[in-house]
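Notes for the structure review
Here is how the chains run, residue by residue.
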Amino acid sequence: MQPKLETIEGLESEWTETDRRLMRRALALAAQGVGQVSPGPLVGCVIAQGSEIVGEGLYVYEQLKHAETYALEQAGTKAKGATAYVSLEPHAHHGRTPPCTDALIVAGVSCVIAPTQDPNPKVSGKGFEHLRAAGLAVSVGLLARDAEKLNEKYFHFMRTGRPFVHLKLATSLDGKIATRTGDSRWITGTESRARAHELRHEYDAILIGAGTALADDPLLTDRSGRKRRRPLVRVVLDEQLTIAPESKLAMTAKDAPVLIFAGSSPTSALSDELESRGVEVVRDRASGRDLGAVLDELWRRELQSVLIEGGANVAGTFLDAGLVNKISFFLAPVVIGGSEAPNAIGGQGAQRLVDALELQDVEVITRGRDIEVTGYPKRRAEG
Ligand SMILES: NC(=O)c1ccc[n+]([C@@H]2O[C@H](COP(=O)([O-])OP(=O)(O)OC[C@H]3O[C@@H](n4cnc5c(N)ncnc54)[C@H](OP(=O)(O)O)[C@@H]3O)[C@@H](O)[C@H]2O)c1
């Protein structure tokens, strides 16, 4: 959705290079909160007198002050007559914190520049309205696309009531995710694997299928070494409840949550054992076959985003259902070969080439000897 562009009365309709630089700084500050804000948004704020920064702040969930408050505290009396560059619309309601719009008004800020409205219905448009009613100049739209991308998980979560879904796979040059004997460690090199942990750090949940749990016995933890607010929730779609109580997932379930979607499989000695290890077996709420219901259940738990790490069947069914919002492939310059070696994506796939899923906003990044290709599925309606 393109944000509405507005201009400030009395000012030029185009933002200056200084405005862009200071908004980029606000976005960079916001980005420092990755892993520490969900289910809220990433927010950064810069207070400036002309081109000089007099205060800066960013939001992290555990601290009961918003980015604007930190920046205003730092600016002190220099906030009077200043411009605030905020990476998201300031809120005007009483939530966990008092309204940030009040703080900006009381401090005497004269102008607020923001990229976009907050999609949260409690905030949306009301923050800007409050500031304008108090006589502040408000300009919306600067670096809007960058700001939406930065907060893509939050925007999706708020607009759709479902977690943002990112599919990530590592493949050989010929599109294989394992050899014919199931050997898949490691197709990609150390740089790609380090990047994979950074990606895990950005997400609230990580999801795999029963096949991958069985073949790889993965741990699925965030080993980025960076601080996170909530542990990464590890999710397995396992209709037949086949996961072993001795698996790494089950053995570590007390340290980091493990959710198994086990459809209508009956309670058994195995499920009892898994549960005694701390695994949560989800039966009634959602079957792993009903992916919409799985996502609804994750949303109900306030999980804003989910990273799917395979395998081929789970990746294919999510893509066939049109439920993937972002895709990353890490391509290694190796050829595995063999008609029995699994291809990256199972499911139905496209019938005709024109039906093949096309990506947009594609980024291609070299990771050591590998290449990362990341993009967003083009929805059919967008042509
Ligand atoms: N290179 C990589 O990035 C990468 C990543 C992950 C895995 N792998 C490799 O991929 C292989 C495993 O792939 P896979 O396709 O066999 O297994 P998978 O996709 O991990 O799991 C498939 C199984 O999950 C269960 N399932 C439950 N709900 C499902 C749903 N909605 N859609 C699809 N499956 C659902 C099904 O088992 P039930 O019918 O029994 O419930 C199905 O057989 C392994 O060799 C692994 O090493 C590679």
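Residues numbered from 1 in each chain as written. Predicted model: local features only at pLDDT ≥ 70, side-chain atom pairs only at ≥ 80, totals over all residues. Heavy atoms only, no water.

**What to know about a negative patch on the surface**
On the surface, a cluster of negative charge is contributed by Glu-246, Asp-272, Glu-273 and Glu-275. Mapping Glu-273 onto the fold places it in helix α10 (residues 269-276). (Patch = residues over 30% accessible without salt bridge, like charges linked within 9 Å, V, L, I, M, F, W, Y side chains within 5 Å. Areas by Shrake-Rupley, 256 points an atom, 1.4 Å probe, with all protein chains shown as cover. Salt bridge = Lys/Arg side-chain N within 4 Å of Asp/Glu carboxyl O. Lys, Arg positive; Asp, Glu negative; His and termini not counted. Charge placed at Lys NZ, Arg CZ, Asp CG, Glu CD. Helix = DSSP H or I, 4+ residues; strand = E, 2+ residues; numbered from the N terminus.)

**Some remarks on the packing of aromatic side chains**
Two aromatic rings are characterised by how far apart their centres lie and by the angle between their planes. Inspection of every chain in the model, using the stated rule, returns 2 aromatic pairs. Between Tyr-154 and Phe-155, the ring centres sit 6.1 Å apart and the planes meet at 90°, which makes this aromatic pair edge-to-face. For Tyr-154, a relative accessible area of 4% translates into the label buried. Since its relative accessible area comes to 3%, Phe-155 is described here as buried. With a centroid separation of 6.3 Å and an interplanar angle of 45°, the aromatic rings of Phe-157 and Trp-299 are classed as tilted. Taken as a pair, Phe-157 in helix α6 (residues 152-160) and Trp-299 in helix α11 (residues 291-300) lie far apart in primary sequence, 142 residues in all. A residue is classified by how much of its surface remains accessible, and Phe-157, at 8% relative accessible area, is buried. The class for Trp-299 is partly exposed, based on a relative accessible area of 38%. Over the ring of Tyr-61 we find Arg-229; its NZ or CZ atom is 3.5 Å from the centre of that ring. (Phe/Tyr/Trp six-rings, centres within 6.5 Å; stacked < 30°, edge-to-face > 60°. Buried < 20%, exposed > 50% of the residue type's maximum accessible area, 1.4 Å probe, protein only. Lys NZ or Arg CZ within 6 Å of the ring centre and 35° of its normal.)

**Some details on the layout of surface pockets**
Empty space within the largest pocket amounts to approximately 1200 Å³. Around the largest pocket, the lining is made up of 46 residues, and of these Thr-212, Asp-216, Glu-309, Gly-310 and Gly-311 lie nearest the centre. Those elements giving two or more residues to the lining of the largest pocket turn out to be β6 (164-172), α7 (190-202), β7 (205-209), α8 (210-216) and α12 (312-320). In the lining of the largest pocket, the residues fall into 19 nonpolar, 15 polar and 12 charged. (1 Å grid on protein atoms, 1.4 Å probe; cavity = no way out; pocket = protein on both sides within 12 Å on 5 of 7 lines; lining within 4 Å. Points joined across faces, edges and corners; volume = space filled by probe spheres on them. Nonpolar A, V, L, I, M, F, W, Y, C, P; charged D, E, K, R; others polar.)

**Some details on the domain arrangement of the protein chain**
Here the protein chain is described as being made up of domain 1 (17-153) and domain 2 (162-382). Computed over C-alpha atoms, the centres of domain 1 and domain 2 are 35 Å apart. Between domain 1 and domain 2 the total buried area reaches about 1400 Å² when both faces are included, carbon and sulfur atoms providing 44% of it. Ranking the residues of domain 1 by area buried against domain 2 places Ser-38, Glu-152 and Lys-153 at the top, with a combined share of 44%. The tally of links from domain 1 across to domain 2 stands at 5 salt bridges. Asp-361 is paired through a salt bridge with Arg-145; the nearest N and O atoms lie 3.9 Å apart. If you look at where domain 1 meets domain 2, you find 11 residue pairs in polar contact (both at pLDDT 80 or more). Elements with a minimum of two residues in the side of domain 1 that touches domain 2: α5 (144-150) and α6. (Domains from an automatic or database assignment. Buried area = accessible area lost by both parts, 1.4 Å probe. Polar contact = N/O pair within 3.5 Å; in protein donor to acceptor, adjacent residues only side chain to side chain.)

**Brief notes about the nonpolar core**
The biggest cluster of nonpolar side chains holds 30 residues, and the ones touching the most others in it are Ile-47, Ala-84, Leu-104, Val-109 and Val-112. Going through the elements one at a time, β1 (44-49), α2 (67-75), β3 (83-86), β4 (111-114), α4 (126-133), β5 (137-140) and α6 are the ones with two or more residues in this core. It is α2 that provides the largest number of residues to this core, a total of 4 residues. In this structure Ala-84 touches Val-46, Ile-47, Leu-104, Val-109, Cys-111, Val-112 and Ile-113, once residues within four positions along its chain are discounted. (Core = buried A, V, L, I, M, F, W, Y, C linked by side-chain atoms within 4.5 Å. Contact = heavy atoms within 4.5 Å.)

**Overview of the sheet that holds β4**
Here 5 strands make up an open sheet; going across it, the order is β2-β1-β3-β4-β5 and the pairing mixed. Only two strands of the sheet have a single partner each, and these edge strands are β2 (52-58) and β5. Along the sheet, successive strands turn relative to each other by an average axial angle of 15°, direction set aside. Two strands pair when backbone bridges link them, and β3 and β4 are joined in this way by 3 bridges, in the parallel orientation. (Pairing = 2+ DSSP bridges. Axes fitted to C-alpha atoms, helices over the stretch in contact; angles between N-to-C directions.)

**Notes on the packing of helix α3 (residues 100-107) against α4**
The description of two packed helices rests on the angle between their axes and on the distance between the axes. Remark: α3 packs on α4, axes separated minimally by 10 Å, with the N-to-C direction vectors making an angle of 20°. Classed by the angle they form, the pair α3 and α4 counts as roughly parallel. Crossing hand, α3 versus α4: right-handed. In contact with Thr-101, Asp-102, Leu-104 and Ile-105 of α3, α4 contributes Gly-127, His-130 and Leu-131. Of the residues contributing to the contact of α3 with α4, the split by class is 3 nonpolar, 3 polar and 1 charged. (Parallel < 35°, antiparallel > 145°, perpendicular 65-115°, else oblique. Left-handed = near helix turned anticlockwise from the far one by under 90°.)

**A short note on the confidence of the model for the protein chain**
Considering every residue of the protein chain, the mean pLDDT works out to 92; 95% of them sit at 70 or more. Low pLDDT, under 50, characterises residues 1-12; the stretch is placed with 20 contacts to residues that sit more than four places away or in other chains. (pLDDT = per-residue confidence, 0-100.)

**Considering the pairing of strand β12 (residues 326-332)**
Counting buried positions along β12 gives 6 out of 7 residues, so the element sits mostly inside the fold. In this structure, β6 lies alongside β12, joined through 7 bridges in parallel fashion. Looking at β12, one finds that Leu-167 is bridged to Ile-327. Bridge count between β12 and strand β14 (residues 370-377): 5 bridges; the pairing is antiparallel. Note on β14: the bridge partner recorded for Ile-327 is Gly-375.

**Quick look at the pairing of strand β11 (residues 305-308)**
Of the two faces of β11, the one lined by Ser-305 and Leu-307 and the one lined by Val-306 and Ile-308 are each fully buried. As paired strands, β6 and β11 are joined by 4 bridges and run parallel to one another. Within the sheet, the bridge partner assigned to Val-165 lies in β11 and is Val-306. Across 3 bridges, β7 lies against β11 in parallel orientation. If you follow Ile-206 over to β11, its bridge partner there is Leu-307.

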